[in-house]
Protein chains: 2
Amino acid sequence: MAGWSEKVLDIDLSTQTYQTYPLDMEMARLFVGGRGLGARLLWDMVGPEVDALSPENVLIFTNGPLTGTGYQTSNRFSVTTKSPLTGTVLDANSGGFWGMQFKKAGYDVMIVRGKAEKPVWIEIKNAEITFHDASELWGMRVFALTAKLGQNNNKRNVLCIGPAGENLSRMASIMNDRERALARGGPGAVMGSKNLKAIVVEGKERPVINDPERFKFMLYETRKLLAASPLTSQALPEFGTVVLMNIMNNIGALATCNHQQTQFEGADAISGEELSEKYLVKNSACWACPIGCTRISKTEKGEGEGPEFESTWAFGAQCGIADLPAIIEANTLCNDLGLDTITAGSTIACAMELSEKGYMDSDLRFGRADQLAPTLEAMAYREDIGSDLTDGSLRLATKYGHPELSMSAKGMEMPAYDPRGMQGQGLLYATSNRGGCHMRGNMVGPEVLGLPKMIDRFQVQGKSSFVILHQNVSAAIDSLVICKFTNMGVADEYFARVLSSVTGIQYDTGELTRVGERVWNLERLYNLREGFTRKDDTLPSRLLTEAPTEGPSKGWVVQLEPMLKEYYRGRGWDENGIPRPQKLEELNLADLLVRI
Amino acid sequence: MAGWSEKVLDIDLSTQTYQTYPLDMEMARLFVGGRGLGARLLWDMVGPEVDALSPENVLIFTNGPLTGTGYQTSNRFSVTTKSPLTGTVLDANSGGFWGMQFKKAGYDVMIVRGKAEKPVWIEIKNAEITFHDASELWGMRVFALTAKLGQNNNKRNVLCIGPAGENLSRMASIMNDRERALARGGPGAVMGSKNLKAIVVEGKERPVINDPERFKFMLYETRKLLAASPLTSQALPEFGTVVLMNIMNNIGALATCNHQQTQFEGADAISGEELSEKYLVKNSACWACPIGCTRISKTEKGEGEGPEFESTWAFGAQCGIADLPAIIEANTLCNDLGLDTITAGSTIACAMELSEKGYMDSDLRFGRADQLAPTLEAMAYREDIGSDLTDGSLRLATKYGHPELSMSAKGMEMPAYDPRGMQGQGLLYATSNRGGCHMRGNMVGPEVLGLPKMIDRFQVQGKSSFVILHQNVSAAIDSLVICKFTNMGVADEYFARVLSSVTGIQYDTGELTRVGERVWNLERLYNLREGFTRKDDTLPSRLLTEAPTEGPSKGWVVQLEPMLKEYYRGRGWDENGIPRPQKLEELNLADLLVRI
C-alpha cells in the first residue's frame, strides 16, 4: 500500500538488538500515523504498572503517510511515551528534517524499549542499524553533539538529548536537527533513562504515492491557498508566532507573573515587531514548508533559532521580564541543554512567586532577567536550586506547601493564553490528554483570531462543541502528521483529499475528523486506565476563583464546571468523563473497553 | 460619514408623495444595513394589528454600506416586510444590478407605504422621484415589462412584479434586472396589494469610501482568496449551485416526492453536470462579482437564467420529475410570472401527494413534467386549481384536511436539504425567523461540505452551537449586504475589515458577528410580538416521526426537541424561546423589550 512504509523497527536497548516486522495495516487505517498510531501502540505496550522512567516504558517514534511525500509541511514526526512529568499518555511532535529522513529510511514506526547498560547512540541507514558507544558523547550539549554526529539537513539528521535528558529532568526535551524540539512532558528524560543519547538517520527510499497526478494537483491547490492567505504568506513569515504577543496582551489574556495578572506592561518590548526589528537575522523553514515561520535571531551572545511566541512568553511575561535579548538567550540555552521552554519558564515563574511570598528561600524574583540563564543551567544539571525546579512546577510547589501556585493542568504547565479571558481555552487545558497544552485544539483561532469563525471568548454555554471539534481536528492533523499552521490557510478537506491521494484509501473530511475523535478517546481511555479521574480535569484554583481586577478580562474566572458537564455530554461520555460503550463502538474502540 | 448615504426615501403611495430625511446613524451603526436595518425599521412601523396585504404594511428596500462600492459581490439589496405567506418578519435579498443603482441614486433606505388608487410605477433618478400611471402595464409579465421600462444593466434598472404579484399570490416574488428575485415569503403580493407594478432607478452618485487605500487593499486580498478557492474559482463558475444535486442525493438528504424519500433516482438526470453538458449556454454574473455562478440555459423553448439548485430540486426531485428541460422551462416561467420557485415547486409536490392519496380531486401526479407549466400559469392567475395552490402548501393542505402534508416550517416551504440526514439543518428550519429557509445559516457547509469545518451531520448533542453561529454570521452578511458565496473563500474577518475601511467605524470580527446576533434576536422579538410561540419552532411531523427506510439516512428522524432546548439555552433565551432581558441588554435591544 502507498503512503505507509508498512514497516516497524523494534529496538531493544537492553540487548542492543532489533527486529523489523510489518505494520498492522488495519491499525494504520484507523489511527493513520503520528500521534494516533503512537497512542494505539502505547496502549498495548505500557500499562499502569510501568514507571515512566523505568526500562519498561517505551519511546515510539512515528511518522505518518504524508511524511516525506513533499506535501506542504510534511516534515513532522511524533514521539509517544508515558510522560515522566504528568503520568499521562504523551506525544510530542516536531518539524525540521529528521522526520522526513526517518520516513525515507523505510519505517513508519520505531519502538525503543529497555535500557542500555551504558550510553549508546543508534545509527540508521535504511536497513542497516548500528549501536554505537556513546560514553564519550555523554554530557555533551545539543548543538555540539549535533554537529559532531554529522547533521546535514537533507542527508543525515540527528536527534538527541542534552544534559537535561541525561539528568532525568522531567521537563527534558528530545531535540532534532539542532533546534527543533519534541519538548513537552519530558520525553528527553525517558530517552535519558534508557541511556540513549542520539538517533542518527540516513534514508534513501522515496515514499510511494498512490495517485501521483491527484497528489500533484493537491500540491498545486495547497500552494495557491497558502500564498493567498495573509496569515501563511505574510504574518507568520514576517513576524513568526511572536506576532501573538501584542494581540494576547491587548485582549487581557496574556498570563503574567505566574498568572497573577492577565496583561504585561512589558509586552511591547518582547513583541514580534520588536524581535523582527532588532534581533531577526533571517527566516528559516522546515523541510517542504513554504510558510517559513522559523526565526533566526541574534544577540551579542550569538545566533539561535526562535524564539517562538510561547518561549518568549514563558521567560518574558510569565516571569515579568521585558528583556528580549535575555529571553532569546534563555531560549537558545534551553535548546542546547534540551529543556522544554514553556515548562522551564513557568516553573521559574512559580519559584519566583514562592520566593517573593516567602514560602521558598531563594533570591528568585519577577523581572530578574539575569537569573534566567544560571537557573536553567542549574536545572539541566540538577544543581543547587535547579534540583528543586527541574521536575516542574507542581513538584516544586508541592514541596514548598503550595501546590496551588503551580500553573499547570494534570501537572503540565499551561502556555501563554490565560483562560480567564478565553473560556474555551480553559476547558481545553482542563481536558487536554497530555495536560495544560495549547497544541491540542488551541482556541486562539476561534476565540481570538476568528479562525475559522469568531466565537465570543467569554461565552460559556455551547462553548464545548467548538472545543471538541478543534480537539478532534487537531488530533487528526497530528496523525497525518503535518503542521497545524497550514490549517490557517487550507481547509481540513484538503488534508482528507491529499491523504486519499497518497494512500489510495478514501478518507473524506468527516472520516478524517472521526480519526481525530478516535485518537482523542483512545488517549482518554489510556489516562483513565492510569487512574486519572474527573477530578483531574481541572485547573489551578487561581483561574477558577481569582478574577483579574483590571483589563479586558476584569471580573472573569474560568466557568469550568458548566463547560465540563456540557463537554462530557457532547463527547458521549458519562458524568464522570468515561466514554460510553456506544461511543467506543462507534469509534471502533470497543475492543479496548474490556481492558480498562 | 462614508459608506452610508445617510438618506431615507419615504414614499406614500396613497397620496403619491414622498419625503426624504436623514438616516438615524446610531441605528445604522447597530444594524448596519440590508436585513438588519430593514428589520429594525419594520419593528417601529408594522405591528401585529397590520395585515400583510393591507395598505398599512410597508415595503422597506435597503442596501448596505458595502453596496455599490465595488467590493466583490457588493451588488445586493434587501426588501423587508411582513410576510403574507408566514406572517413573520420577512426579508429577501437579491443580486443583479438594481441594488447598486439604488445606492447610486443616493439612498440607504426606501420605504413604500400605503396603496395607490390605481396601478402606478415609480421612477427614481437621484433626487427626482416620479409617479407614473401603470394601468397599461398591469398584467404584463416580467420579461416584457423589464424590457419596456428600459432595463440597462449599468445605467437603468427595473424592479417589478409579474401577474402573480398582481393577483396577490402569497408566493409572489419581486423581480429585478429581469431574472433576479426577491423571492421567498411573498413580497410580490405586498407590492401587488399596493398597486405598485415597478420601481425603476437611475443613479449617478458614487458611494463615499472612508479609507480608499485600505479598501483597495481589501479588494486585492479578496480577489486573491476567491481566485485560490476551488469553490469560488471553479465549482460555482463551472457547475453553478446545481453542483449540489448529486452531493445531496449521495448522502441521502435530497428531499424527494414531497419529502417522502431522501434520495431521488433521477438525480443524475437533473444534476449540475448534466445541466452544464447539455443546456448551458454561458455563465453570467451580478455586478462586481468575480465568481459568476449564474447559468444561462437554453431549451427548445428559449433561453433563461438559471436554474439554481433549489429551483431544479423543487420542480425536480420534490415533484419526482427527472426531465431537465421541463424544469428549466418551469424555472424561467416562474421568473416571468413572478413566482418563488421553491414554494411553487413544493406546493405542487404537496398537491401531487394530496391527489395521489385521494385527499384532493386533481390529476396532479408525481413525475408528470407536463403538468408543471400549466399549473404554474394557473397559480399566477389564480385560475382553476391554481387558486388552491397559489397561497402555498400549508393553506392548500389545510383546505384538504391534511396540513401535515405541507413541507413547511412556520408556513414557508423548506428547500432541498432533507433534515433527517442533516440534524442541524432541521434545527435551522425550525428556528429560522422567516420559516423553512436555507439562507439563514445553511448547515450544508459544516454538515456536508466541511465549511469551515466538518461536523457529524447526525450529531444532535452540541449541534445547536454551530447552528447559532452560522445563523448569526448569515444575518451579519445579509446586513452588509453581500453574497454568502464569498464566504466560501473569504473569512468573516475580511468582511469586518472591509466594512471598517468603507465606513470608518472600526468593526472587528466579533463585533460583526454580534451585529448578526442582534439582528437575529430582533427578528425573534418581532415574531414573538406577532404571536408566534415555542410551538411554532417545529417541523412537519413527517420529519419528526417517519424515518427513511433506505439510503444513508435510514432510520433517522430529526431529533428536534433536545436540539431546540439546547438552542434556547445557547441563545440566552428562556425555555419558551423568549430572549432573556440580560441578553437583550447585552445586544443593545433592551429598549425594545417593553414593547412586546
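Above: the structure in question.
A brief report on the enclosed structure follows.

Rules and cut-offs
Residues numbered from 1 in each chain as written. Chains lettered and ligands numbered in written order. Predicted model: local features only at pLDDT ≥ 70, side-chain atom pairs only at ≥ 80, totals over all residues. Heavy atoms only, no water. Helix = DSSP H or I, 4+ residues; strand = E, 2+ residues; numbered from the N terminus. Rg over C-alpha atoms; globule rule 2.2 N^0.38 Å. Buried < 20%, exposed > 50% of the residue type's maximum accessible area, 1.4 Å probe, protein only. Contact = heavy atoms within 4.5 Å. Areas by Shrake-Rupley, 256 points an atom, 1.4 Å probe, with all protein chains shown as cover. Lys, Arg positive; Asp, Glu negative; His and termini not counted. Charge placed at Lys NZ, Arg CZ, Asp CG, Glu CD. Salt bridge = Lys/Arg side-chain N within 4 Å of Asp/Glu carboxyl O. Least-squares fit on C-alpha atoms with pLDDT ≥ 70 in both. Core = buried A, V, L, I, M, F, W, Y, C linked by side-chain atoms within 4.5 Å. Disulfide = S-S within 2.5 Å. Polar contact = N/O pair within 3.5 Å; in protein donor to acceptor, adjacent residues only side chain to side chain. Pairing = 2+ DSSP bridges. Axes fitted to C-alpha atoms, helices over the stretch in contact; angles between N-to-C directions. Buried area = accessible area lost by both parts, 1.4 Å probe. Patch = residues over 30% accessible without salt bridge, like charges linked within 9 Å, V, L, I, M, F, W, Y side chains within 5 Å.

1. A short note on the overall build of chain A
Part 1: Secondary structure summary: chain A contains 25 helices and 17 strands in total.
Part 2: Relative to its length of 596 residues, chain A is compact, with a C-alpha radius of gyration of 22 Å against a globular reference of 25 Å.
Part 3: In terms of its C-alpha atoms, chain A occupies a principal-axis envelope of roughly 60 × 55 × 50 Å.
Part 4: Per-residue burial for chain A yields a buried fraction of 68% across its 596 residues.
Part 5: Counting contacts in chain A only where the partners sit at least 6 residues apart, residues at least 24 apart contribute 70% of the total.
Part 6: Of the roughly 18,700 Å² that chain A leaves accessible, carbon and sulfur atoms contribute 49%.
Part 7: The centroid of the 62 positive side-chain charges in chain A is displaced by 3 Å from the centroid of its 73 negative side-chain charges.

2. Things to note about the pattern of salt bridges
Residues and elements named next belong to chain A.
Part 1: Enumeration according to the criterion identifies 82 salt bridges over all chains in this entry.
Part 2: A salt bridge links Lys82 to Glu530; the nearest nitrogen and oxygen atoms lie 2.8 Å apart. Pair noted here: Lys82 is in strand β4 (residues 77–82) and Glu530 is in the loop between α21 (509–529) and α22 (541–545), with a separation of 448 residues, a long-range link.
Part 3: What makes Lys82 buried here is its relative accessible area of 3%.

3. Some details on the relation of the copies chain B and chain A
Copies of the same chain, two in number, are related to each other by a rotation about an axis and a translation along it.
Part 1: Aligned on chain A, chain B shows an RMSD of 0.0 Å; the corresponding rotation is 180 degrees and the shift along the axis is 0.0 Å. What the rotation and shift describe, once combined, is the action of a two-fold rotation axis.
Part 2: Most of the interface of chain B is mirrored in chain A, where 100% of its interface residues are also at the interface.

4. Describing the nonpolar core
Part 1: Met248 and Leu376 of chain A together with Met248 and Leu376 of chain B are the most contacted members of the largest nonpolar core, which totals 281 residues.
Part 2: Residue contacts for Leu376 of chain B: discarding those within four places in its chain leaves Phe315, Ala330, Leu333, Cys334, Leu337, Leu339, Ala344 and Ile348 of chain B.

5. Focus: the state of the cysteines
Part 1: Counted under the stated rule, the structure contains zero disulfides over all chains.
Part 2: Between Cys286 of chain A, a cysteine without a disulfide, and Cys289 of chain A, which holds the nearest cysteine sulfur, the sulfur-to-sulfur distance is 6.1 Å.
Part 3: Cysteine Cys257 of chain B shares no disulfide, and the gap to the nearest cysteine sulfur, in Cys319 of chain B, comes to 8.3 Å.
Part 4: Assessed through its relative accessible area of 12%, Cys257 of chain B is described here as buried.

6. As for the side chain of Arg180 of chain A
All names here are of chain A.
Part 1: Position of Arg180 among the secondary structure elements: in strand β11 (residues 180–182).
Part 2: The buried category is assigned to Arg180, whose relative accessible area is 16%.
Part 3: Of the polar contacts made by the side chain of Arg180, one reaches the side chain of Thr294; its length is 3.3 Å.
Part 4: One polar contact links Arg180 to Glu305, side chain to side chain, over a distance of 3.0 Å.
Part 5: Excluding anything up to four places from it in sequence, Arg180 contacts Ser94, Gly95, Gly96, Ile174, Met175, Cys286, Thr294 and Glu305.

7. As for the sheet that holds strand β6 (residues 109–113) of chain A
Residues and elements named next belong to chain A.
Part 1: Here six strands make up an open sheet; going across it, the order is β2-β1-β6-β3-β4-β5 and the pairing mixed. Looking at strand neighbours, the two that pair on one side only are β2 (17–22) and β5 (89–94), the edges of this open sheet. The mean inter-strand angle of the sheet, taken between neighbouring strand axes irrespective of direction, is 15 degrees.
Part 2: Bridge count for strand β3 (residues 59–62) against β4 is three bridges, and the pairing is antiparallel. Of the residues in β4, the one forming a bridge with Ile60 is Thr80.

8. A short note on the interface of chain B and chain A
Part 1: On the chain A side, the residues contacting the 30 residues of chain B number 30 residues.
Part 2: For the pair chain B and chain A, the summed buried surface comes to about 2,700 Å²; carbon and sulfur atoms form 57% of the total.
Part 3: When the buried surface of chain B facing chain A is broken down by residue, Lys453, Met454 and Gln461 of chain B rank first, second and third, together holding 23% of it.
Part 4: Across the contact surface, chain B and chain A share four salt bridges.
Part 5: Across the pair Asp492 of chain A and Lys453 of chain B runs a salt bridge whose closest N-O atoms are separated by 2.7 Å.
Part 6: Between chain B and chain A we count nine residue pairs in polar contact (both at pLDDT 80 or more) in total.
Part 7: Looking at the side of chain B that touches chain A, the elements that each hand over two or more residues are α7 (212–228), α8 (230–239), α19 (463–477), α20 (492–503), α21 (509–529) and α23 (560–571) of chain B.

9. A look at a positive patch on the surface
Part 1: There is a patch of like positive charges on the surface, built from Lys565 and Arg569 of chain A together with Lys565 and Arg569 of chain B.
Part 2: The set of elements that each furnish at least two residues to the positive patch consists of α23 (560–571) of chain A together with α23 of chain B.
Part 3: Classification of Arg569 of chain B by relative accessible area gives partly exposed; the value is 43%.

Note that every value here comes from positions in space, so none of it alone points to a role or purpose.
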